[in-house]
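Residue-level structure breakdown
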Amino acid sequence: MSDATTEPCDACGEPTTDALARTVRLSVDRANIDTQRLCPECFADWIQRYQTEMGGGGGGTDGSDSEIIID
């Protein structure tokens with residue numbers, strides 16, 4: 001793991017290697033609004049908060065064009 005890049009998590013500040021980091025990007029009309037690098041724990045918190053605030057816990061599809069893309 002000596003070749004892995006280590007940068008801090010944008011949420012908690014803990015060092016996180018590229019292999020473990022997750023990037024959350026907010027785009028509107030293909031314009032990048034915000035990008036955050038998160039450690040696995042903060043990413044899980046982000047997903048839970050998103051589901052709570054956006055009401056994504058329904059389980060079914062509502063036919064809308066919204067989507068979450070995670071890379």
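Everything numeric in this text was worked out from a predicted model, so none of it was measured.

**Structural notes on the overall build of the chain**
Secondary structure summary: the chain contains one helix and four strands in total. Going from N to C terminus, the chain has its helices and strands arranged as β-β-β-β-α. Sequence separation of 24 or more characterises 29% of the internal contacts of the chain that already satisfy a separation of 6 or more. Carbon together with sulfur atoms contributes 48% to the accessible area of the chain, which is approximately 5900 Å² in total.

**A look at the pattern of salt bridges**
A side chain of one charge can pair with a side chain of the opposite charge if their charged atoms are brought near each other. Here the structure, examined in full by the defined rule, presents one salt bridge. Of the charged contacts in the structure, one is a salt bridge between Asp-18 and Arg-37, with a shortest N-O distance of 3.0 Å. Here Asp-18 is found in the loop between strand E2 (15-17) and strand E3 (22-28), whereas its partner Arg-37 is found in strand E4 (residues 31-38), with 19 residues between them in sequence.

**Some details on the packing of aromatic side chains**
The geometry of an aromatic ring pair is captured by the separation of the ring centres together with the interplanar angle, meaning the angle of the planes. Per the counting criterion, the structure on display carries two aromatic pairs. An angle of 10° between the planes, with centres 6.5 Å apart, marks the rings of Phe-43 and Trp-46 as stacked. With Phe-43 and Trp-46 both in helix H1 (residues 40-54) and three residues apart, the pair spans about one turn of that helix. The exposure class of Trp-46 is buried, given its relative accessible area of 18%.

**Comments concerning the side chain of Thr-16**
Here Thr-16 is to be found in strand E2. A distance of 3.3 Å separates a polar atom in the side chain of Thr-16 from the backbone oxygen of Glu-14. With residues up to four places along the chain from it excluded, the contact list for Thr-16 reads Thr-5, Thr-6, Glu-7, Cys-9, Ala-21, Arg-37, Cys-39 and Pro-40.

**Structural notes on the nonpolar core**
Cys-9, Val-24, Leu-38, Cys-39, Cys-42, Phe-43, Trp-46 and Ile-47 together form the largest nonpolar core, which totals eight residues. With four residues, the single largest contributor to this core is H1. For Cys-39, the residues in contact, after removing those within four places along its chain, are Cys-9, Cys-12 and Thr-16.

**Observations regarding the pairing of E3**
Alignment of E3 against E4, held across seven bridges, turns out to be antiparallel. Paired with Arg-25 across the strands is Thr-35, a residue of E4. Taking the residues between adjacent antiparallel strands as the criterion, E3 and E4 are bridged by two residues, where Asp-29 takes a positive phi near 50°.

**Considerations on the confidence of the model for the chain**
On average, residues of the chain score 82 in pLDDT, and 72% of them are at 70 or above. Least confident of the elements in the chain is E3, whose mean pLDDT is 91; most confident is E4, at 93.

Basis of the calculations
- Residues numbered from 1 in each chain as written.
- Predicted model: local features only at pLDDT ≥ 70, side-chain atom pairs only at ≥ 80, totals over all residues.
- Heavy atoms only, no water.
- Helix = DSSP H or I, 4+ residues; strand = E, 2+ residues; numbered from the N terminus.
- Contact = heavy atoms within 4.5 Å.
- Areas by Shrake-Rupley, 256 points an atom, 1.4 Å probe, with all protein chains shown as cover.
- Salt bridge = Lys/Arg side-chain N within 4 Å of Asp/Glu carboxyl O.
- Phe/Tyr/Trp six-rings, centres within 6.5 Å; stacked < 30°, edge-to-face > 60°.
- Buried < 20%, exposed > 50% of the residue type's maximum accessible area, 1.4 Å probe, protein only.
- Polar contact = N/O pair within 3.5 Å; in protein donor to acceptor, adjacent residues only side chain to side chain.
- Core = buried A, V, L, I, M, F, W, Y, C linked by side-chain atoms within 4.5 Å.
- Pairing = 2+ DSSP bridges.
- pLDDT = per-residue confidence, 0-100.

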